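Architecture and fold: a report
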Amino acid sequence: ERSKLNIKRTQKILRSAALQSLRPYHPVLLPTTTMQDTLTQYLQAARYIASYAPGQHDLHRLSPTDKDMMICIGPEGDFTEKEKKSAISSGYMAVNISENRLRTETAAIVAVQQLVSISSSKG
């Protein structure tokens, strides 16, 4: 977890990567917030929390009808059980994005790619 993040630099990298790959939709980098505050926002979006567990839905197999989607990626070591339960009780669906343990940065890339893939397969 970073204690300091250069938001302007990161937004510039996101925009550059989206333009380079000819993506019509660009990821949005939101300001950092607490987990509890995050859970009470984005109520109009399909909301997911990535945390591997056998028997959970695989994100890439879902067919959400929502235009907006939001996914929480945990820190190294994953979310705490309390955080997972809180997210699920707030309407988030726990999903698997990989059978492998991923670094936080890699997990975010994998999750976004899966969300882009399932949203583009809707039509």
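Residues numbered from 1 in each chain as written. Predicted model: local features only at pLDDT ≥ 70, side-chain atom pairs only at ≥ 80, totals over all residues. Heavy atoms only, no water.

**Section: the overall build of the protein**
Across its full length, the protein carries four helices and four strands. Taken from the N to the C terminus, the helices and strands of the protein come in the order α-α-β-β-β-α-β-α. Computed over the C-alpha atoms, the radius of gyration of the protein is 14 Å, within 12% of the 14 Å expected from 2.2 N^0.38 for a compact globule of 123 residues. A principal-axis box enclosing the C-alpha atoms of the protein has dimensions of 40 × 35 × 30 Å. Put simply, of all contacts in the protein between residues at least 6 apart along the chain, 67% involve residues at least 24 apart. Summed over its atoms, the accessible surface of the protein is roughly 9200 Å², and 52% of this surface lies on carbon and sulfur atoms. Here the protein carries 16 positive and 11 negative side-chain charges, and the mean point of each set is 9 Å from the other. (Helix = DSSP H or I, 4+ residues; strand = E, 2+ residues; numbered from the N terminus. Rg over C-alpha atoms; globule rule 2.2 N^0.38 Å. Contact = heavy atoms within 4.5 Å. Areas by Shrake-Rupley, 256 points an atom, 1.4 Å probe, with all protein chains shown as cover. Lys, Arg positive; Asp, Glu negative; His and termini not counted. Charge placed at Lys NZ, Arg CZ, Asp CG, Glu CD.)

**Regarding the environment of Ile88**
Along the chain, Ile88 falls in helix α3 (residues 81–89). In the structure, Ile88 is positioned 24 residues away from Val112 in sequence and 20 Å away in space, judged by C-alpha atoms.

**A few points about the nonpolar core**
With twelve residues, the main nonpolar core is built from Ala46, Tyr48, Ala50, Leu59, Leu62, Ile71, Val95, Ile97, Ala107, Ala111, Leu115 and Ile118. Elements with a minimum of two residues in this core: β1 (46–50) and α4 (104–120). In terms of residues, this core owes the most to one element, α4, which gives four residues. Setting aside residues up to four positions removed in sequence, Ile71 forms contacts with Tyr48, Ala50, Leu59, Val95, Ile97, Ala111 and Leu115. (Core = buried A, V, L, I, M, F, W, Y, C linked by side-chain atoms within 4.5 Å. Buried < 20%, exposed > 50% of the residue type's maximum accessible area, 1.4 Å probe, protein only.)

**As for the pattern of salt bridges**
With the rule as written, the count across this model stands at four salt bridges. Its salt-bridge partner being Lys84, residue Glu81 comes within 3.1 Å of it at the nearest N-O pair. With a gap of three residues between them, Glu81 and Lys84 both fall in helix α3, about one helical turn apart. Overall, Lys84 belongs to the buried group, its relative accessible area being 16%. Note that Arg103 and Glu105 form a salt bridge whose closest N and O atoms lie 3.7 Å from each other. Judged by relative accessible area, which is 48%, Glu105 ranks as partly exposed. Via salt bridges that share partners, Asp78, Glu81 and Lys84 belong to a single interconnected network. (Salt bridge = Lys/Arg side-chain N within 4 Å of Asp/Glu carboxyl O.)

Limitation: the analysis is restricted to geometry and does not speak to function.
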